[in-house]
Amino acid sequence: MVSTPRILLTGFEPFGGDPVNPSALICQALRGQRVAHATVHAVELPCVFGGALQALDEALAASSPVLVLALGLAAGRGEISVERAALNIDDARIPDNAGAQPVDLPVVAGGPAAWFSTLPIKAIVAALRQAGLPAAVSQSAGTFVCNHVFYGLQHRLAGTGVRSGFVHVPLLDTQAAAHPCLPTLPLEALVRGVRIALEVALTHAGADARVTGGAVA
Ligand code: PCA
C-alpha cells in the first residue's frame, strides 16, 4: 500500500498564563486534512525547553514527513509572521511550563549560530497577502521555546531535503479582552493562512519569490 505523504504541523500548549494557544487550535483544525497531495499530522508540543524537542523527535519519527511547519503564538504581532532564522540561543524572559528559565545557553552546544528556514518564505508571504491576510517575514523568532524548537527542527533536518520552518501567529480575537491594545485575528483567518502556507511550501518550486517581506523598514 502506498501511503499519502505527510506534513508534520506542530503547535504549542498554552503558556504564560493564557488559557489557550492559537497555534494548538490551528493544529486541531487542520489535523487529518488533505493539503495538495499530503495529509496533515498535527501534534501539540509542551512549552518546555528540552521537552518540546523530545516531543518533536517522537513526532518526526512517527510521521516521516515531507514537510514540517512549526507554529507558535507571538502576542503583540499583528501579522502572520513567517520566520527567517533560528538562533542557537535559549534566553527566557519568563519560566517555561516546567519552571525552567535558561539564560544565554545554546540550544545545541557546538551548533552553528543560526539556521535559516528552508521554506519559500517570501512566496508564502506573497500568497498570504494575495489572500487578504496580514503577513510579513520576521527576522527573529525570539529566544524562548519557539526559537528553541525552530532551531532544533532546522538542525535535525539540515541536509535532508525535507523543507521546514516556523510561523508565529497573532493572538486570537477571543483573547482580546485579556490583552487590550494588542492586535488579534480570528481563528478562521489563522487556519486559512496556515493552510495557504502549507500549500505554497509543498508546491513552490525554484527560487523564492522576490518580494519584500519585512514588516518595517
Ligand atoms: N510561543 C512562545 C512559546 C510557545 C508559543 O506558542 C514563543 O514564541 O517562544
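Everything discussed here concerns the structure shown above.
In this text, all values refer to a predicted model and were calculated from it rather than measured experimentally.

**Student:** In this structure, what is going on with the overall build of the chain? I would like to understand it.
**Tutor:** The helix and strand inventory of the chain stands at 5 helices and 11 strands. Computed over C-alpha atoms, the radius of gyration of the chain comes to 16 Å, within 12% of the 17 Å expected from 2.2 N^0.38 for 217 residues, which places it in the range of a compact globule. The dimensions of the chain, computed from C-alpha atoms along their principal axes, are 45 × 40 × 35 Å. Counting every position in the chain, which comprises 217 residues, the buried fraction comes to 49%. Within the chain, counting contacts between residues at least 6 apart in sequence, those at least 24 apart form 79% of the total. As presented, the chain carries roughly 9,400 Å² of accessible surface, and 58% of it is formed by carbon and sulfur atoms. Positive and negative side-chain charges of the chain, numbering 13 and 15 respectively, have mean locations separated by a distance of 11 Å.

**Student:** Sorry, what's going on with the site of the ligand here?
**Tutor:** Looking at the ligand, the residues that line it are F12, F15, N21, C47, G72, L73, F144, V145, C146 and H168. With respect to the ligand, the side chain of N21 contributes an N or O atom lying 2.8 Å from an oxygen atom. Measuring from an oxygen atom of the ligand, one finds a backbone N or O atom of L73 at 2.8 Å. When the ligand sits alone it has 270 Å² of accessible area, and the protein chains cover 93% of it.

**Student:** Could you clarify how one ought to interpret the pattern of salt bridges in this entry?
**Tutor:** Side-chain pairs of opposite charge can arise whenever the charged atoms involved come near each other. Applying the stated rule across the entire model yields 4 salt bridges. Linking R77 and E83 is a salt bridge whose minimum nitrogen-to-oxygen distance equals 2.9 Å. Look at E83 and you get buried, because its relative accessible area is 0%. As a salt-bridge pair, R195 and E199 come within 3.8 Å of each other at their nearest N and O atoms. Placement of the pair is R195 and E199 together in helix 5 (residues 187–203), with a separation of 4 residues, close to one helical turn.

**Student:** Before we go on, may I ask you to explain the packing of aromatic side chains in this structure?
**Tutor:** Enumeration according to the criterion identifies 3 aromatic pairs in this entry. Judged by centre distance (5.6 Å) and plane angle (80°), the ring pair of F49 and F144 falls under edge-to-face. Here the residue F49 occupies a position in the loop between strand 3 (38–45) and helix 2 (51–63), and F144 occupies one in the loop between strand 8 (135–138) and helix 4 (145–157), the gap between them amounting to 95 residues. For F49, a relative accessible area of 13% puts it in the buried group. Since its relative accessible area comes to 16%, F144 is described here as buried. Plain terms: the ring middles of F150 and F166 are 5.7 Å apart, the flat faces sit at 40° to each other, and that makes the pair tilted. Remark: F166 occurs in strand 9 (residues 163–169) and F150 occurs in helix 4; sequence separation between them is 16 residues.

**Student:** Whenever I open this one, the nonpolar core confuses me. Can you help?
**Tutor:** Considering soluble globular proteins, one finds that nonpolar side chains tend to be buried as a cluster. Among the nonpolar cores identified, the biggest contains 37 residues, and L9, L69 and L198 are the most heavily contacted of them. Broken down by element, this core gets its largest block of residues, 10 residues, from helix 5. Sequence-distant contacts of L9, that is, excluding residues within four places in its chain, are made with C27, L30, V40, H41, A42, V43, L69, L71, V194 and L198.

About the thresholds
- Residues numbered from 1 in each chain as written.
- Predicted model: local features only at pLDDT ≥ 70, side-chain atom pairs only at ≥ 80, totals over all residues.
- Heavy atoms only, no water.
- Helix = DSSP H or I, 4+ residues; strand = E, 2+ residues; numbered from the N terminus.
- Rg over C-alpha atoms; globule rule 2.2 N^0.38 Å.
- Buried < 20%, exposed > 50% of the residue type's maximum accessible area, 1.4 Å probe, protein only.
- Contact = heavy atoms within 4.5 Å.
- Areas by Shrake-Rupley, 256 points an atom, 1.4 Å probe, with all protein chains shown as cover.
- Lys, Arg positive; Asp, Glu negative; His and termini not counted.
- Charge placed at Lys NZ, Arg CZ, Asp CG, Glu CD.
- Near = heavy atom within 4 Å.
- Polar contact = N/O pair within 3.5 Å; in protein donor to acceptor, adjacent residues only side chain to side chain.
- Salt bridge = Lys/Arg side-chain N within 4 Å of Asp/Glu carboxyl O.
- Phe/Tyr/Trp six-rings, centres within 6.5 Å; stacked < 30°, edge-to-face > 60°.
- Core = buried A, V, L, I, M, F, W, Y, C linked by side-chain atoms within 4.5 Å.

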